[in-house]
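Understanding the architecture of this molecule
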Amino acid sequence: MRTQRTKKLVGMAIMAAIAGVLMYIEFPIPGIPPFLKLDISGVPVLVGSFMYGPVAGVAIAAVKSMLHLFGTTSAGIGELADFLMTASFAFTAGIIYLKNKSRKGALIGAGAGIVVLTLVGVVANHFLIIPFYSQLMPIDAIIQACNAVNPAIKDMSGYLLFGVVPFNLLKGVVLSVITVGIYKRISVLFKAEGTSKKTV
């Protein structure tokens, strides 16, 4: 039992470390506000949630965001928002997969996770991200910068609807596709405790 617990903790630490590194590799998406950049650091978090359970996924997300604090450019606000979004995504997907450890369960969990990620993303941007950036530049200037890359964004509602929502939907799909594609090989490699024979 102690050996299995140690293996689980080591596996979680490896996932968190990989996620922490991947979080520094990000790139913009055409038509999306410039400060919303895509990274795939959520993949190890989602893998960990499927492999070790939803609570473990939240823990990995927390460590990932804390590791990024060493290079933060948002006084920790961006990391907090990222944690809330990634953790809610991984927890939702993980808890559904926990009850149905099959490819179907993983797909349903990922789909539900994408919805939650998008909703939490709207809330996080409205109450955390935009208030932070509005201290650096006027809100009108932020909307104008967003409008320059997406003419549909003319106000805060437009930013959330035509910027944040499609960005997080796309991000959730990318993370889910990659995770489902690599999970079986990763789970066999780690030989995680409690991984069902019926895996993704």
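Located above this text is the structure these notes cover.
Now for a look at the structure at hand. The written sequence of each chain sets the order in which its residues are numbered from 1. Where totals are concerned, whole chains, interfaces and linings use all residues; where local detail is concerned, this predicted model gives features only for residues with pLDDT of at least 70, and gives and counts side-chain atom pairs only at 80 or more. The basis for every side-chain value is the complete set of non-hydrogen atoms in the structure, without hydrogens or water.

**Topic: the overall build of the protein**
A helix here means a DSSP run of H or I that spans at least four residues, while a strand means a run of E at least two residues long, and both kinds are numbered starting from the N terminus. Of regular secondary structure, the protein possesses seven helices and zero strands. Sequence-ordered secondary structure for the protein, helices as α and strands as β, is α-α-α-α-α-α-α. Taken against the 2.2 N^0.38 rule, which gives 16 Å for 200 residues, the C-alpha radius of gyration of the protein at 17 Å falls within 12% of a compact globule. In terms of overall dimensions, the protein has a C-alpha envelope of 55 × 35 × 25 Å along the principal axes. When the 200 residues of the protein are sorted by exposure, 44% land in the buried category. Residues count as neighbours in contact if any of their non-hydrogen atoms are within 4.5 Å of one another. Partitioning the contacts of the protein with sequence separation of at least 6, the portion at a separation of at least 24 is 70%. For accessible areas, the Shrake-Rupley method is used with a probe of radius 1.4 Å. Any residue's cover is judged against the shown protein chains and nothing else. Of the accessible surface of the protein, which amounts to about 10,000 Å², a share of 70% is contributed by carbon and sulfur atoms. Our radius of gyration is a C-alpha quantity, and the globule rule it is checked against amounts to 2.2 Å times the number of residues to the power 0.38. Throughout, exposure labels follow a simple rule: accessible area from a 1.4 Å probe, protein chains only, divided by the maximum for the residue type, with under 20% read as buried, over 50% as exposed, and the rest as partly exposed.

**Comments concerning the packing of aromatic side chains**
Each aromatic ring pair is characterised by the separation of its centres together with the angle its planes make. Pairing of aromatic rings covers Phe, Tyr and Trp, the last counted by its six-membered ring, and requires centre-to-centre distances within 6.5 Å; plane angles under 30 degrees mean stacked, over 60 mean edge-to-face, and any other angle means tilted. For the coordinates displayed, the defined rule picks out six aromatic pairs. Ring geometry for phenylalanine 50 versus tyrosine 183: centroids 5.7 Å apart, planes at 85°, classification edge-to-face. With phenylalanine 50 in helix 2 (residues 42–52) and tyrosine 183 in helix 7 (residues 156–190), this residue pair connects regions lying 133 residues apart in the sequence. On the accessibility criterion, phenylalanine 50 (3% relative accessible area) is buried. According to the relative accessible area criterion, tyrosine 183 is buried, its value standing at 0%. A connected cluster of aromatic rings, assembled from ring pairs, spans Phe35, Phe132, Tyr133 and Tyr159.

**Description of the environment of serine 88**
If you trace the backbone, serine 88 turns up in helix 4 (residues 77–99). Separated by 75 residues in the primary sequence, serine 88 and alanine 13 have C-alpha atoms spaced 19 Å apart. Residues contacting serine 88, with those up to four places away along its chain left out, are Phe83, Val116, Leu117 and Val120. Polar contacts, as used here, are pairs of N or O atoms within 3.5 Å; protein pairs need one atom able to donate a hydrogen and one able to accept it. Residues neighboring in sequence count only if both atoms are side-chain atoms. A distance of 2.8 Å separates a polar side-chain atom of serine 88 from the backbone oxygen of leucine 84.

**Observations concerning the nonpolar core**
Membership of the largest hydrophobic core comes to 30 residues, with the highest contact counts inside it found for Phe50, Tyr183 and Val200. Those elements that place two or more of their residues in this core are helix 1 (2–22), helix 2, helix 3 (54–68), helix 4, helix 5 (103–136) and helix 7. Counting residues in each nonpolar core, the second largest holds 13 residues, with Ile32, Leu38, Tyr159 and Leu160 among its members. For our purposes a nonpolar core is just a set of buried Ala, Val, Leu, Ile, Met, Phe, Trp, Tyr and Cys residues, chained together by side-chain atoms within 4.5 Å.

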